[in-house]
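Single-letter residue listing:
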Amino acid sequence: MADVTLEALLQEGRTFPPSEDFARGALLRDGRLYDVAAGDPEAFWATQAGELLDWSEPWHTVLEWELPFAKWFLGGRLNASYNCVDRHVAAGHGAQVALLWEGEPGDARQITYAQLLDDVSRCANALKALGVRKGDRVAIYLGMVPELPVAMLACARLGAAHSVVFGGFTSDSLRDRINDAECKVLITGDGAWRRGNIVPLKEIADAAMTETPSIERCLVLRRTAQADVAMQDGRDFWWHDLVDAQAPECPPEPMDAEDLLFILYTSGTTGKPKGIMHTTGGYLTQVAFTHKYVFDLKPETDVFWCTADCGWVTGHSYIVYGPLANRATSVMYEGTPDYPDKERFWSIVEKYKVTTLYTAPTAIRTFMKWGTQYSDAHDLSSLRLLGSVGEPINPEAWVWYWKNIGGGNCPVVDTWWQTETGAIMISPLPGTTVAKPGSATFPLPGIGSDIVNDEGVPVPIPGGGYLVLTQPWPSMLRGIWGDPDRYRDTYWSRFEGRYFAGDGAKRDDEGYFWLLGRVDDIMLVAGHNISTTEVESALVSHPAVAEAAVVGRTDAMTGQAVSAFVILRSGNEPTDALVTELRDHVAHHIGPIAKPKTILFAEDLPKTRSGKIMRRLLRNVAEDETLGDTTTLADPSVVEGIKARYLSTSPDDEG
Ligand code: 7RM
């Protein structure tokens, strides 16, 4: 990847050291752990596994690496549910709140660790009664209710792998995921609340279950209490009948460190969804490690809030397994940021005195678009640390978050990782790393990564190319369910001996990592590679812009031309003069080569259900092609709307 745009990000000169206050109280105040880990990564991870978790049987071998297949902590035995719940109760912390659950307006529940132990044990007994055994797979299709983590932990208690399917997916997606993993039981609900409306989960599940031969039983939680929920005799059981009747004791099954903990499907842009497999010991070690040190967790005083849905990996690792393994008190929120009003997040922060907020750039850019009046109306002084995950965070959004939400005194940790990596891989350590807005900074202790060129040769610092991971890590995926060849092809064949993440990245002259987006999205303009992230960040650095997506469109002169879709901050008008100004702004910040040939103002951008911009569809719009597969879109009407506007606006064709 040639890099005309390299200078652009290197111009980001702002640096943010942790405040003295924060650094003084931090778990890690210097970089020693990097050296310890670099000296002997296996010994480092073994120390973490021993310190952070309880094992019923010690491991005899830390790592067995038969590229591309890794096994960690061989011979070790443990149970994830025991580590997340029982041991905290046994240590006298039963009365500590595990989950501060905030439901749709008016609804709230607090669940202590002691209560959680009861709930998980009863649910596990119910699953047993439904025939679930160690080694089985259980599908979970629920909204963000406490019973979702309870069900996950109940599966883990029995040694059955869960496959959580996001509650916003269609019956076809649910059916395909159930069939791929041959799940035996489905756990769902009568419905889920979504902005005052009911998503009829059971109806959708019923449609799926007409074509899921492996499903024997279905457990149904009553959440919305609509009138007519069809229950099939002998197959369907109400949670409140079956689970509530069980004994609150259920011995946790000792699991091999390498036993499957869960499968989680990633859709990707092409091909059928991949069932990413995570196992017990390594996964739990790394989620506990990263949750503790990246979020500087103090279990006695912190209130941690990860705003993701449990249907995504972020929810698995930083709502369920990481925080509970570390005995954190977490907020779990059922709804969306804009319902019933745009102050919802900030009233929750104020209500629960949240100390640590972990959210996504898509949310931060939305808050930027709305303006600061909503956050200003609340006391956010409990916050001491902010996190970001899911996409590159534009420097302007980073600074906005730091200033308006963090009040200028909370470190921001921009955390890069994937469903496949299981846990955070590249991120600041908040008490010691000097942050730069837009940079995920450095690989964490124990993580090996590099940036390589097309031939797989490491690119010297400073420079850009493909992000690779160079050594196995404990929470790495163990494969794709049922498809070892696809595992090898997708991740381990592009660069020999190294894991290819699919992302472009750069290092600046101080070795900071800057993630540049998926390599499929990189544009080639007049022989120069231009990253979508950089042009988008340049656009977002203009005071009128809240969010931007850029794609390459075929161009007779330059091969590809930059085509931008822009969302304005409220109070700005979409004028021709602004188009000119924005094009000049990009030219000024990056260079004339990156100047968007066309700019279209939009109300919204097409996003996946987890909030990532889907540039592939915008590319179709820009190329005037028929729209491709839109099934993974959160709201398919958005892209239709953009397409209609695009066609009615004549593209600006001067250079
Ligand atoms: C956790 C999660 C993974 C992809 C990944 C990147 C992008 C995630 C960041 C990021 C830049 C970040 N898992 N990504 N975090 N890009 N900076 N901090 O999102 O499997 O759903 O997605 O998300 O492209 O490869 S995921």
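See the structure printed just above.
Please read all numbers here as calculations on a predicted model, not as lab measurements.

**Looking at the site of the ligand**
Inspection of the region around the ligand gives 16 residues, with Asp-414, Thr-415, Thr-419, Asp-503 and Lys-612 positioned closest. Between a nitrogen atom of the ligand and a side-chain N or O atom of Asp-414, the distance comes to 2.7 Å. Protein contacts shield 90% of the accessible area of the ligand, which totals 520 Å² for the unbound molecule. Here the residues of the shell around the ligand sort into 6 nonpolar, 5 polar and 5 charged.

**Details of the pairing of strand 4 (residues 97-102)**
For strand 4, the buried fraction is high: 6 of the 6 residues fall into the buried class. Bridge analysis of strand 4 against strand 5 (residues 108-112) gives 5 bridges, and the strand direction is antiparallel. What sits directly across from Val-97, in strand 5, is Thr-112. Looking at chain direction, strand 4 and strand 17 (residues 329-333) are connected through 4 bridges and run parallel. Residue pairing across strands places Leu-100 opposite Val-331, the latter belonging to strand 17.

**Here we look at the pattern of salt bridges**
Taken as a whole and judged by the stated rule, the model has 42 salt bridges. With a shortest N-O distance of 3.2 Å, Glu-147 and Arg-109 are connected by a salt bridge. You can see Glu-147 sitting in helix 7 (residues 147-158) and its partner Arg-109 sitting in strand 5, a full 38 residues away along the chain. On the accessibility criterion, Arg-109 (35% relative accessible area) is partly exposed. Notably, a salt bridge pairs Asp-236 with Arg-235, separated by 2.6 Å at the nearest N-O pair. Here Arg-235 falls in the buried class, since its relative accessible area comes to 12%. What emerges from the salt-bridge pattern is a single network uniting Asp-172, Arg-175, Asp-176 and Glu-211.

**Digging into the sheet that holds strand 29 (residues 559-568)**
Taken in spatial order, the 3 strands make up an open sheet running 28-29-30, and their pairing is mixed. Every other strand in the sheet has two partners, leaving strand 28 (545-555) and strand 30 (598-601) as the edge strands with one partner each. Each strand of the sheet is rotated relative to its neighbour by a mean of 25°, with strand direction disregarded. Bridge count for strand 29 against strand 30 is 4 bridges, and the pairing is parallel. Pairing of Ala-564 across the sheet is with Ile-599, part of strand 30.

Cut-offs and rules
- Residues numbered from 1 in each chain as written.
- Predicted model: local features only at pLDDT ≥ 70, side-chain atom pairs only at ≥ 80, totals over all residues.
- Heavy atoms only, no water.
- Near = heavy atom within 4 Å.
- Polar contact = N/O pair within 3.5 Å; in protein donor to acceptor, adjacent residues only side chain to side chain.
- Areas by Shrake-Rupley, 256 points an atom, 1.4 Å probe, with all protein chains shown as cover.
- Nonpolar A, V, L, I, M, F, W, Y, C, P; charged D, E, K, R; others polar.
- Buried < 20%, exposed > 50% of the residue type's maximum accessible area, 1.4 Å probe, protein only.
- Helix = DSSP H or I, 4+ residues; strand = E, 2+ residues; numbered from the N terminus.
- Pairing = 2+ DSSP bridges.
- Salt bridge = Lys/Arg side-chain N within 4 Å of Asp/Glu carboxyl O.
- Axes fitted to C-alpha atoms, helices over the stretch in contact; angles between N-to-C directions.

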